[in-house]
Amino acid sequence: MNKDLTVGNPWSVLWRFCLPLLGSILFQQLYNLADSFVAGKFIGENALAAVGNSYEITLIFIAFAFGCNIGCSVIVSRFFGAKEYTNVKTAVYTALISSAVLCAVLMIIGIFGCSALLQLIQTPEELMADSRLYLDIYIWGLPFLLFYNVATGIFSALGDSRTSFIFLSISSTANILVDILFVTVLHMGVAGVAWATFLCQGVSAVLSIIVVMRRLHAIPTDSPAALFSWPIFCKIAVIAVPSILQQSFISVGNIIIQGVINGFGTGVMAGYAAGVKLNNLVITSFTTMANGISNYTAQNLGAGKPDRVREGFAAGIKMVWMICIPMFLLYFFAGKMLLYIFIDTPTGTAIQTGVQYLRILSPFYFVVCVKLIADSILRGAGLMKAFMIDTFTDLILRVVLAVILSKQFGPIGIWAAWPIGWTISTIIAITFYRNGAWRNTVSNTVQK
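Criteria and cut-off values
- Residues numbered from 1 in each chain as written.
- Predicted model: local features only at pLDDT ≥ 70, side-chain atom pairs only at ≥ 80, totals over all residues.
- Heavy atoms only, no water.
- Helix = DSSP H or I, 4+ residues; strand = E, 2+ residues; numbered from the N terminus.
- Rg over C-alpha atoms; globule rule 2.2 N^0.38 Å.
- Buried < 20%, exposed > 50% of the residue type's maximum accessible area, 1.4 Å probe, protein only.
- Contact = heavy atoms within 4.5 Å.
- Areas by Shrake-Rupley, 256 points an atom, 1.4 Å probe, with all protein chains shown as cover.
- pLDDT = per-residue confidence, 0-100.
- Expected span 1.5 Å × (residues − 1).
- Bend = angle between axes of the 7 residues up to and from the residue.
- Core = buried A, V, L, I, M, F, W, Y, C linked by side-chain atoms within 4.5 Å.
- Phe/Tyr/Trp six-rings, centres within 6.5 Å; stacked < 30°, edge-to-face > 60°.
- Disulfide = S-S within 2.5 Å.
- Axes fitted to C-alpha atoms, helices over the stretch in contact; angles between N-to-C directions.
- Left-handed = near helix turned anticlockwise from the far one by under 90°.
- Nonpolar A, V, L, I, M, F, W, Y, C, P; charged D, E, K, R; others polar.
- Patch = residues over 30% accessible without salt bridge, like charges linked within 9 Å, V, L, I, M, F, W, Y side chains within 5 Å.
- Salt bridge = Lys/Arg side-chain N within 4 Å of Asp/Glu carboxyl O.
- Parallel < 35°, antiparallel > 145°, perpendicular 65-115°, else oblique.

This paragraph deals with the overall build of the protein chain. Broken down by element type, the protein chain carries 14 helices and zero strands. Taking 448 residues into account, the globule formula puts the C-alpha radius of gyration at 22 Å, and the protein chain, at 21 Å, falls close to it. Counting only C-alpha atoms and orienting by the principal axes, one finds that the protein chain spans roughly 65 × 45 × 35 Å. The buried share of the protein chain, taken over its 448 residues, is 60%. If you take every contact in the protein chain between residues at least 6 apart in sequence, the share linking residues at least 24 apart comes to 85%. A total of about 16900 Å² of accessible surface is found on the protein chain, and carbon and sulfur atoms cover 70% of it.

As structure tokens, this is what we get:
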């Protein structure tokens, strides 16, 4: 059901809206967690390292999907909050057509460029074949990745966070079962892990698009909606391109860091591959909650209600800290047991690496989540310059410090770069939020 986020108590509205989003992203992460679990438990440590190695490259494609999601979601939210329903439909059609073109370009780049990227990050020879095989299959599933993300962005913009949760809960559960079937029964190895994700995400994407079309058809409009609008495309691009650049450069930074990690051997690679999956589960949860607050911000600014945005910021901080507390305790004190989920026959180096990684990063979840909530307000208001400044500060610091500190302190130096980047960029993000420039976007939020 579509829901107006501009009325009701902000805490209650956000909690009801964001809780299904949180559930959705947890199930979304099951795709990657299942891949690592099956690869590590049923194939071997090298397979886990290969999937983890490939994962850093897949994040580049995920960045584009994320940008399409956010760009479409924020603009549709603005029109929906302003009750401009014809523009809502045109924005959706424009986003879908643009995503199709982008997908074709990405597939061409992926097919011909992934081998070079694997070589660039110094993929060990024993992992090259499995890493490339995983990526080859993944690239053919890019249409599903992009269209599913656009669909979930549309659902969120319309105030509906339950539909995507339902789709993901079913497909993610199926993905685990198909993973195990392909690897343990059909003995497909790393290819089985990739094909399971391809099939399950494909079903989820197709069903999501069908429901989006039906939902749009049910919205009454005074005039037919155009299938494509250059002005609306530009509005979407203003939000989407910086979001894509943000995620892309983070992915590029992660690839550089992965290259540094690869220099320490397969044991460290496997430990990092397991640890980063657990870390990304938390960070992605924060990001998803923040995306919901971006939708909330855009709808309320579209409706001319900036005071609700400030209340939403305070409510958002409370929600993410409620996630921080149990995840910090779990990772810091029980991280070793969680790592055994992914590694069947672990080496001492792999487990030690994963534990160090989680214990260094987890205390700073309380910091980075504040940055992400502040970013969500800036992005929902369309203040992408400020958003990019604090994001790139974080990225540049993490990459540069990882390279420098690893020479002196080894892998521990790499992990220490995360908290430093998070802390400084959080200070910048809060400064941008507190200066109140987002209030000035109310009058021009939905200008045509």
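So much for the structure itself; the text now carries on.
Bringing the confidence of the model for the protein chain into the picture now. The predicted coordinates ought not to be read in detail in places where the model reports low pLDDT. The predicted model of the protein chain has a mean per-residue pLDDT of 86, with 93% of residues at 70 or higher. By mean pLDDT, the top-scoring element of the protein chain is helix α14 (residues 411-434) (95), and the lowest-scoring one is helix α1 (residues 10-43) (75).

Right, let's get into the side chain of asparagine 300. Turning to its location among the elements, asparagine 300 is positioned in helix α9 (residues 266-302). If we ignore the near neighbours within four places in the chain, the residues touching asparagine 300 are Leu5, Thr6, Lys305, Arg308 and Val309.

For the rest of this paragraph, the subject is helix α13 (residues 384-409). Working note: α-helix, 3.6 residues per turn, so residues spaced by three or four point in the same direction. Between the first and last C-alpha of α13 there are 36 Å, a value that for 26 residues agrees with the 38 Å anticipated at 1.5 Å per step. The largest bend in α13 amounts to roughly 25° and is located at alanine 402. In the segment just after α13, glycine 410 is the residue with positive phi, at about 75°.

This part is about the nonpolar core. Counting residues in each nonpolar core, the largest one holds 69 residues, and the members touching the most others are Phe286, Tyr331 and Trp418. Take this core: its biggest share by element is 16 residues, from α9. Leaving out residues up to four positions away in the same chain, phenylalanine 286 has contacts with Val320, Ile323, Cys324, Tyr365, Val368, Cys369 and Leu372. Core analysis: the second largest hydrophobic core is formed by 35 residues, Val74, Ile75, Ile236 and Ala240 among them.

Next up on the list: the packing of aromatic side chains. Taken as a whole and judged by the stated rule, the model has 21 aromatic pairs. For the pair phenylalanine 328 and phenylalanine 366, a centre-to-centre distance of 6.0 Å together with 65° between the ring planes defines the contact as edge-to-face. One end of the pair, phenylalanine 328, is in helix α10 (residues 306-339); the other, phenylalanine 366, is in helix α12 (residues 365-380), with 38 residues separating them in the sequence. Residue class for phenylalanine 328 comes out buried when judged on its relative accessible area of 18%. Both rings, one in tyrosine 357 and one in tryptophan 415, keep their centres 5.2 Å apart while their planes meet at 90°; by these two values the pair is edge-to-face. Here tryptophan 415 lies in helix α14 and tyrosine 357 lies in helix α11 (residues 348-361), a separation of 58 residues in the sequence. We classify tyrosine 357 as buried; its relative accessible area is 0%. Among the aromatic residues, those joined into a cluster by ring pairs are Tyr272, Tyr357, Trp415 and Trp418.

Moving on, we get to helix α5 (residues 142-157). In this model, α5 (16 residues) spans 23 Å end to end at C-alpha, consistent with the 22 Å of a helix rising 1.5 Å per residue. Counting buried positions along α5 gives 13 out of 16 residues, so the element sits mostly inside the fold. With its phi angle positive at about 80°, glycine 159 sits one or two positions after the end of α5.

This part is about the state of the cysteines. Evaluation of the coordinates by the stated rule reveals zero disulfides. Cysteine 68 carries a free sulfur, and the closest cysteine sulfur to it, the one in cysteine 72, is 8.8 Å from it. For cysteine 68, a relative accessible area of 11% corresponds to the buried category.

Contact geometry of α9 with α11 gives a least axis separation of 7 Å together with a crossing angle of 35°. The way α9 lies across α11 gives a crossing that is right-handed. Facing α9, whose interface residues are Gly267, Val268, Ala270, Gly271, Tyr272, Gly275, Val276, Leu278 and Asn279, α11 presents Thr349, Ala350, Thr353, Gly354, Tyr357, Leu358 and Leu361. Split by residue class, the contact of α9 with α11 holds nine nonpolar, seven polar and no charged.

Together, Ile97, Val101, Val105, Ile109 and Leu227 give the surface a local cluster of nonpolar side chains, amounting to about 460 Å² of exposed area. The topology assignment puts isoleucine 97 in helix α3 (residues 85-120). The exposure class of isoleucine 97 is partly exposed, given its relative accessible area of 38%.

All right, on to unusual backbone geometry then. Trans is the prevailing form of peptide bonds, just as negative phi is the prevailing case for residues other than glycine. Backbone geometry at lysine 83 places phi at a positive 60°, although glycine is not the residue there. Looking at the secondary structure, you find lysine 83 in the loop between α2 (45-81) and α3. One non-glycine residue with positive phi stands out, namely histidine 187, at about 55°. Within the secondary structure, histidine 187 sits in the loop between α6 (162-185) and α7 (190-217). Histidine 187 gets classed as exposed once you look at its relative accessible area, which sits at 65%.

As a further point, take the packing of α3 against helix α8 (residues 230-262). Packed helix pairs are specified by the crossing angle of their axes together with the interaxial distance, meaning the distance between the axes. Contact geometry for α3 and α8: axes closest at 9 Å, N-to-C directions at 70°. Accordingly, the angle class assigned to the pair α3 and α8 is roughly perpendicular. Regarding α3 and α8, the two cross each other, and that crossing is right-handed. Listed contacts from α8 to Asn87, Thr90, Ala91, Thr94, Ala95 and Ser98 of α3 are Ile232, Phe233 and Ile236. Of the residues assigned to the contact of α3 with α8, the class counts are five nonpolar, four polar and no charged.

Within this structure, the stated rule accounts for five salt bridges. Between arginine 132 and aspartate 136 there is a salt bridge, with its nearest N and O atoms 2.5 Å apart. With arginine 132 and aspartate 136 both in helix α4 (residues 125-140) and four residues apart, this pair spans about one turn of that helix. Overlapping salt bridges, with partners in common, bring together Lys371, Asp375 and Asp390 in one network.

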